[in-house]
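Here's the letter readout for the chains.
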Amino acid sequence: MSDTIERVKCLIIGSGPAGYTAAIYASRANMSPVLYQGEQPGGQLTTTNDVENFPGYPEGITGPEMMMELQKQAERFGTDIRHGWVTKVDFSGDLHKAWVNEKEIHADTIIISTGASAKYLNLPSEQKYLKLGGGVSACAVCDGFFYRNQEVVIVGAGDSACEEAHYLSKLCKKVTMLVRRDEFRASKIMAKRVQNTENIEILYNTETDEVLGDGQVVTGIRVFNNKTNEKHTIEATGFFVAIGHKPNTDVFKDYLDLDETGYIINAKPGTSLTNVEGVFVSGDAADHVYRQAITAAGTGCMAALDAERYLAAKDADFEVATSSYN
Ligand code: NDP
């Protein structure tokens with residue numbers, strides 16, 4: 001066996017509220033967890049502005065601040081937090097294997113907390129300007145600043161779209177919101193907030209036909225009414241897409257049971273167990289219903305407790321710390 005292989009008791013993949021909570025519990029249970037942060041350290045909450053519904057923050061907290069606090073808490077108990085993301089796994093043996101680029105890790109237990117990523121419309125023109133960095137974004141909090149005093153368009157009618165439209169309305173001259181049905185999916189309070197904001201115009205039954213630009217940056221959006229098929233162009237320099245998320249589970253698809261949209265299926269409802277013994281799941285990677293920071297944190301706790309019980313049943317010598325072997 002190569003000496004570059006690292007053996008760990010517990011590998012946590014992902015650094016949202018699920019991953020960090022799993023890390024806090026696993027490190028306090030002497031499992032010496034190693035946590036890989038993934039492509040977006042801190043996860044989706046780093047792109048959220050105010051978190052007002054996480055218990056314990058009566059005045060609210062920003063997403064990035066909350067994730068820094070969670071990271072510090074996990075580090076305080078000794079979690080080994082690393083940059084990098086898992087590119088391959090092999091769950092066919094007793095020890096579970098994962099690769100972070102060339103680095104091979106063998107783990108007694110793996111906790112998957114890879115979350116979900118923003119979806120796009122996948123129109124060629126949208127992808128073109130996304131890749132150019134020329135005015136397409138799925139994160140108003142990250143990119144809204146670049147469009148201050150300008151006119152922007154946002155697609156979506158869920159809570160995310162409402163939150164982002166409201167955020168943009170404070171920076172931008174005008175926000176046009178494209179809602180594909182004749183009603184919002186968002187909670188009433190969030191929908192009301194955008195409906196009552198003066199510089200947000202809501203176009204119902206309206207979809208994107210094409211993102212228009214000068215070859216470098218977005219200059220407008222051609223939209224169509226899906227009832228009348230009428231088209232018109234909205235002048236805009238920014239195009240924000242807020243239409244939901246896709247679970248980050250592709251790397252596990254050869255080993256884990258996934259549903260038709262890619263969410264990991266719990267082997268036993270009410271636990272974090274997957275169909276592979278010793279591999280546990282927490283957070284949005286297995287949750288298409290609740291998708292909240294607090295539920296992700298709760299399932300992170302469950303995954304660490306399930307992993308601890310699995311280790312204790314498998315191996316009485318539970319004091320062994322993370323080690324490398326040849
Ligand atoms: P949702 O899946 O709830 O909403 C997605 C929205 O995008 C829907 O309105 C959908 O339209 C629309 N949509 C999807 N595909 C297209 C498309 N191709 N063209 C145009 N529109 C499209 O995702 P969210 O990210 O908004 O929310 C996810 C979860 O997170 C929810 O449970 C939500 O409550 C929660 N959340 C809570 C927040 C809070 O409480 N502060 C903030 C943000 C999210 P349609 O309705 O027609 O299907």
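Residues numbered from 1 in each chain as written. Predicted model: local features only at pLDDT ≥ 70, side-chain atom pairs only at ≥ 80, totals over all residues. Heavy atoms only, no water.

Caption draft 1: Helix α6 (residues 188-195), seen in detail. All of the buried residues in α6 are Met190, Ala191 and Val194. Taken around the axis of α6, the buried residues stretch over an arc of 100 degrees, which confines them to a single face. Those residues of α6 that are exposed and aimed more than 90 degrees away from the buried face are Lys188 and Ile189. Of the surrounding secondary structure, the elements contacted by the buried residues of α6 are α5 (159-171), β12 (174-178) and β13 (200-203). (Buried < 20%, exposed > 50% of the residue type's maximum accessible area, 1.4 Å probe, protein only. Helix = DSSP H or I, 4+ residues; strand = E, 2+ residues; numbered from the N terminus. Arc of directions from axis to C-beta. Contact = heavy atoms within 4.5 Å.)

Caption draft 2: Structural detail: the nonpolar core. With 28 residues, the main nonpolar core has Ile12, Tyr20, Met31, Met66 and Ile111 as its most contacted residues. For this core, the elements supplying multiple residues, two or more each, are β1 (6-13), α1 (17-28), α2 (63-76) and α7 (293-314). Among the elements that take part in this core, α7 stands out by supplying 7 residues, more than any other. Counting residues in each nonpolar core, the second largest holds 23 residues, with Ala161, Cys162, Leu168 and Ile202 among its members. (Core = buried A, V, L, I, M, F, W, Y, C linked by side-chain atoms within 4.5 Å.)

Caption draft 3: Broad picture of the domain arrangement of the protein chain. According to the domain assignment, the protein chain contains domain 1 (5-117 + 245-325) and domain 2 (120-241). Its C-alpha centre places domain 1 at a distance of 33 Å from the equivalent point of domain 2. (Domains from an automatic or database assignment.)

Caption draft 4: Spotlight on unusual backbone geometry. Not every positive phi belongs to a glycine, and Asn149 is a case in point at roughly 65 degrees. Take Asn149: it is sitting in the loop between α4 (140-143) and β11 (151-155). Judged by relative accessible area, which is 59%, Asn149 ranks as exposed. Even without a glycine there, the phi angle at Asn205 is positive, about 50 degrees.

Caption draft 5: Quick peek at the site of the ligand. Neighbouring residues of the ligand: 18 residues in total, closest Asp159, Ser160, Arg180, Arg181 and Arg185. Separating an oxygen atom of the ligand from a backbone N or O atom of Gly158 is a distance of 3.3 Å. A distance of 2.6 Å separates an oxygen atom of the ligand from a polar side-chain atom of Ser160. Computed on the free molecule, the ligand has an accessible area of 920 Å², of which 77% lies beneath the protein chains in the complex. Broken down by element, the shell around the ligand gets its largest block of residues, 3 residues, from α5. Grouping the constituent residues of the shell around the ligand by class yields 5 nonpolar, 7 polar and 6 charged. Residue contributions to the shell around the ligand reach at least three from each of two domains, namely domain 1 (5-117 + 245-325) and domain 2 (120-241). (Near = heavy atom within 4 Å. Polar contact = N/O pair within 3.5 Å; in protein donor to acceptor, adjacent residues only side chain to side chain. Areas by Shrake-Rupley, 256 points an atom, 1.4 Å probe, with all protein chains shown as cover. Nonpolar A, V, L, I, M, F, W, Y, C, P; charged D, E, K, R; others polar.)

Caption draft 6: A look at the packing of aromatic side chains. In total, this model carries 6 aromatic pairs according to the counting rule given. Seen in terms of ring centroids, Phe91 and Phe252 are 6.2 Å apart; in terms of plane orientation they differ by 15 degrees. Their pairing is stacked. Of the two residues, Phe91 is situated in the loop between β6 (88-90) and β7 (96-100) and Phe252 in the loop between β18 (245-247) and β19 (279-281); the sequence distance between them amounts to 161 residues. Residue Phe91 shares its accessibility class with Phe252, and that shared class is buried. When the ring of Phe280 is compared with that of Tyr310, the centres are 6.0 Å apart and the planes differ by 70 degrees; the resulting orientation is edge-to-face. Of this pair, Phe280 sits in strand β19 while Tyr310 sits in helix α7, placing them 30 residues apart in sequence. (Phe/Tyr/Trp six-rings, centres within 6.5 Å; stacked < 30°, edge-to-face > 60°.)

Caption draft 7: Looking closely at the pattern of salt bridges. Under the defined criterion, the tally for this structure stands at 12 salt bridges. In this structure, the salt-bridge partner of Glu201 is Lys174, at a minimum N-O distance of 2.8 Å. With Glu201 in strand β13 and Lys174 in strand β12, this pair connects stretches of sequence that are 27 residues apart. Using a relative accessible area of 35% as the deciding quantity, one classes Glu201 as partly exposed. For Lys174, a relative accessible area of 29% puts it in the partly exposed group. Of the charged contacts, one joins Glu183 and Arg181 as a salt bridge, the two residues approaching to 3.1 Å between their closest N and O atoms. On the basis of relative accessibility, which here comes to 43%, the residue Glu183 falls in the partly exposed class. (Salt bridge = Lys/Arg side-chain N within 4 Å of Asp/Glu carboxyl O.)

Caption draft 8: Just the pairing of strand β17 (residues 238-241), in detail. The alternating pattern of β17 places Gly238 and Phe240 on one face and Phe239 and Val241 on the opposite face, and all of these are buried. In terms of strand pairing, strand β10 (residues 136-137) meets β17 through 2 bridges, oriented parallel. Note that in β17 the partner of Val136 across the bridge is Phe239. (Pairing = 2+ DSSP bridges.)

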